[in-house]
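Close look at the chain arrangement
Here is how the chains run, residue by residue.
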Amino acid sequence: DAKTTQPNSMESNEEEPVHLPCNHSTISGTDYIHWYRQLPSQGPEYVIHGLTSNVNNRMASLAIAEDRKSSTLILHRATLRDAAVYYCILRLYNNNDMRFGAGTRLTVKP
Amino acid sequence: AAGVIQSPRHLIKEKRETATLKCYPIPRHDTVYWYQQGPGQDPQFLISFYEKMQSDKGSIPDRFSAQQFSDYHSELNMSSLELGDSALYFCASSFELQGVVTEAFFGQGTRLTVV
């Protein structure tokens with residue numbers, strides 16, 4: 001299985017942008033890059049996903065390296081409510097095996 | 001909008017008892033996933049179902065079984081409960097769009113405590 005590597009933790013100041021990196025050097029051509037986050041005491045929540053091109057939605061942006069071996073989740077203006085564990089997950093396009101690795105715990109300081 | 005519904009929200013069982021957790025996916029979602037999350041740990045994938053058939057299997061113990069019914073709801077059956085089974089159990093659902101899996105939506109979880 002393709003694996004992902006993320007930093008254990010990151011800190012950000014409120015209202016500043018946050019760049020959360022993810023390495024996935026063994027990614028296959030049909031793996032989608034998904035990001036989820038888990039706020040305290042809640043179930044995981046979908047953030048964004050992409051295949052090759054950069055993606056934007058109301059929550060975040062996803063920047064995917066040209067070789068697809070890494071990606072970065074961008075929160076444009078961090079708020080206190082963005083404090084969560086962020087998970088980068090690779091999913092084969094038609095696969096229902098979605099496994100969480102060790103995510104990045106984001107702390108947002110006021 | 002309708003979300004994934006899990007019941008019960010909390011459950012307390014004694015060792016060696018059995019437990020059944022239920023999951024009602026979002027309407028028209030055809031895929032259900034089950035996860036176990038111990039204290040301070042990341043969610044661990046247990047099993048998934050697509051169109052009422054087992055799709056993928058993760059680290060689900062042999063004491064556990066699951067199925068997806070004709071109305072797409074799913075049940076996780078846990079027997080011979082052990083103290084180590086105490087955890088949050090999450091269910092998620094998604095659907096396939098033109099052969100590609102879409103994002104998964106998670107329920108609020110069932111907190112199982114084994115005493």
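Scroll up to find the structure this text is about.
About the cut-offs
- Residues numbered from 1 in each chain as written.
- Chains lettered and ligands numbered in written order.
- Predicted model: local features only at pLDDT ≥ 70, side-chain atom pairs only at ≥ 80, totals over all residues.
- Heavy atoms only, no water.
- Disulfide = S-S within 2.5 Å.
- Helix = DSSP H or I, 4+ residues; strand = E, 2+ residues; numbered from the N terminus.
- Pairing = 2+ DSSP bridges.
- Axes fitted to C-alpha atoms, helices over the stretch in contact; angles between N-to-C directions.

**A closer look at the state of the cysteines**
All names here are of chain A.
- As enumerated under the stated definition, the model contains 2 disulfides over all chains in all.
- The disulfide partner of Cys-22 is Cys-88, and the gap between their sulfur atoms is 2.2 Å. Between Cys-22 and Cys-88, the disulfide has an S-S torsion of -80° and is therefore left-handed. Placement of Cys-22 in strand β2 (residues 18-23) and of Cys-88 in strand β8 (residues 84-92) is noted, with a sequence separation of 66 residues between them.

**Thoughts on the sheet that holds strand β1 (residues 9-13) of chain A**
Residue and element names in this part refer to chain A.
- Taken together, the 5 strands give an open sheet; going across it, the order is β1-β9-β8-β3-β4, and neighbouring strands pair in mixed fashion. Each edge of the sheet is formed by a strand with only one pairing partner; in this case those strands are β1 and β4 (45-50). The mean angle between the axes of side-by-side strands here comes to 25°, regardless of whether they run parallel or antiparallel.
- The sheet contact formed by strand β3 (residues 31-38) and β4 spans 5 bridges and is antiparallel. Note that in β4 the partner of Ile-33 across the bridge is Gly-50.

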